[in-house]
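The chain contents come next:
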Amino acid sequence: MKDLMTTTAVPMFSVAERDRRWNLARELMEREGLDALVVFGEHEDAGPASVAYDRWFTNGRAGTTVIFPRTGEPVVLLPSAQYIMDHLESSRRGDSVWVPPENLRGSRDSGALSRALDELGLAESTIGVVGLGPQVPWHPEGLVPYRLWNSVLSDFPKAQFTSVDVALGLLVSRLSPEEIDVVRYAADVGDAMVRAMVETAAPGVGESEVFAAGMAEGYRRGTIPPAMHFWSGADPVATGWPAWGYRPQAPRVLQDGDIIFAEVFSQCGGREAQNQVTIAVGDVHDDFYRAGDVARAAYDAGLEELRPGRTWGEVVEAVHAPLDAGGGSMFLIALHSLNPGLVVGRGRGDISTLAGAQAYPPVTDHPALMPDVELAPGMTFVLEPQYAFGRHLVHVGGTVIVTDDEPLELNPHTARILPARGTARPVREPAG
């Protein structure tokens, strides 16, 4: 087999892309009356839905703090010497490094941030901050550490700080042609991960083998995808990491009639794609296919509505119409944005209908977030409707890009239930 990395061109970001982004940031500051931006980035190991606006400015590792003045170049605060060593090596190899060494700082604690703000003459300025505002779903009240921020406020009593998370998020969401190429590459990687899982899954095969096949394909294609969400069983309703990922226990062994649910997160260069996957292992209950038909109708309704000029709220209502009329249940959101994760569909709390769920606290419904946001070309979304009849739950969907005309489906392969194609083995009982 030929090495994929020698036969497949990986799209890259140019210096022109850097200048486009930096100019957009300066225009934002001009409109908002800001003298600078302070952008907090979450660590690169944060997993899916990480807050990584810092990478948009740097084309580098996540987990930095960027100070971007309206005039001049950004200063980037790094969390450790390791980042400096990586920057040095990347520069030596001729990689596309956007921030020169003299604009890097070796720490990003409150003292380093205060020194950098003072160095840039921002002690009495108006500064927009990314990280103070809500970051759905994991940080509904921001991600900036209290002690750090309290120290900065004490050091700069005459500065005015204001959250610009939403403003920058909307700016970032309209992807350039270069960024769209990278998202398409990430989506291709995601599809390859799913195909590897389908070709591995069969009765008698351990969950972890299917998980490993998908992740390995992402690595083999030169990306480092976050760990996927993955559950299996005859009628599972869970989502998230498999239980053996956070609790010491053996992975399940797949059996005939099982369903595998997976959220496959693929990314390249800070741009993300996502597959919502249901794999049928052998002869599964007919209700899965009934639920799959409803979920597919919701997916198609979303495709029909993802057009420039429509509002996010209109898309959400269109997706939910088949779900509300299907006669079954849904338990999670059915769609959200990517690049960045900014707008989210309606949340449903139907979990109380599940047998045994009465002992659990209720899950609060929530309306669509930011329903008035107007769609524009270059925005990316995940259509991921899930639906259930009883405990027979199906997830389908993938990444879609808004264009000037019809939306561009990047992962139509996973907008349906997929049959497992692995080789069956004698079912063995898990150890333990």
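Bear in mind the structure is a predicted one, so any value in this text is a computation, not a measurement.

Draft legend 1. Looking closely at the environment of Val281. One can find Val281 in strand E9 (residues 271-281). Separated by 107 residues in the primary sequence, Val281 and Ala388 place their C-alpha atoms 18 Å from one another. Contacts of Val281, omitting those with residues within four sequence positions, involve Ala202, Pro203, Leu254, Gln255, Asp256, Gly257, Asp258, Ile260 and Ala420.

Draft legend 2. Molecular detail of the sheet that holds strand E3 (residues 75-77). The strand order across the open sheet formed by six strands is E4-E3-E2-E1-E5-E6, and the pairing between neighbours is mixed. Only two strands of the sheet have a single partner each, and these edge strands are strand E4 (104-105) and strand E6 (160-163). When strand E1 (residues 36-40) meets strand E2 (residues 65-69), the two strands line up antiparallel, connected through five bridges. Of the residues in E2, the one forming a bridge with Leu37 is Phe68.

Draft legend 3. Molecular detail of the packing of helix H8 (residues 177-200) against helix H9 (residues 207-220). Orientation of H8 relative to H9, taken along the N-to-C sense of each, is 150 degrees, at an axis distance of 8 Å. In terms of axis orientation, H8 runs roughly antiparallel to H9. Crossing hand, H8 versus H9: right-handed. Contacts from Val189, Ala192, Met193, Ala196, Met197 and Thr200 of H8 reach H9 at Glu209, Val210, Ala213, Gly214, Met215, Glu217 and Gly218. Here the residues of the contact of H8 with H9 sort into eight nonpolar, three polar and two charged.

Draft legend 4. Spotlight on unusual backbone geometry. Residue Pro137 follows Val136 across a cis peptide bond; omega there is 0 degrees. Positionally, Pro137 belongs in the loop between strand E5 (126-130) and helix H6 (146-155). Omega for the peptide link from Asn339 to Pro340 comes to 5 degrees, which places this bond in the cis form. Even without a glycine there, the phi angle at Asn59 is positive, about 55 degrees. Of note, Asn59 is situated in the loop between helix H3 (53-58) and E2. The residue Asn339 is not glycine, and still its phi comes out positive at about 55 degrees. Here Asn339 lies in the loop between strand E10 (335-338) and strand E11 (380-383).

Rules and cut-offs
Residues numbered from 1 in each chain as written. Predicted model: local features only at pLDDT ≥ 70, side-chain atom pairs only at ≥ 80, totals over all residues. Heavy atoms only, no water. Helix = DSSP H or I, 4+ residues; strand = E, 2+ residues; numbered from the N terminus. Contact = heavy atoms within 4.5 Å. Pairing = 2+ DSSP bridges. Axes fitted to C-alpha atoms, helices over the stretch in contact; angles between N-to-C directions. Parallel < 35°, antiparallel > 145°, perpendicular 65-115°, else oblique. Left-handed = near helix turned anticlockwise from the far one by under 90°. Nonpolar A, V, L, I, M, F, W, Y, C, P; charged D, E, K, R; others polar.

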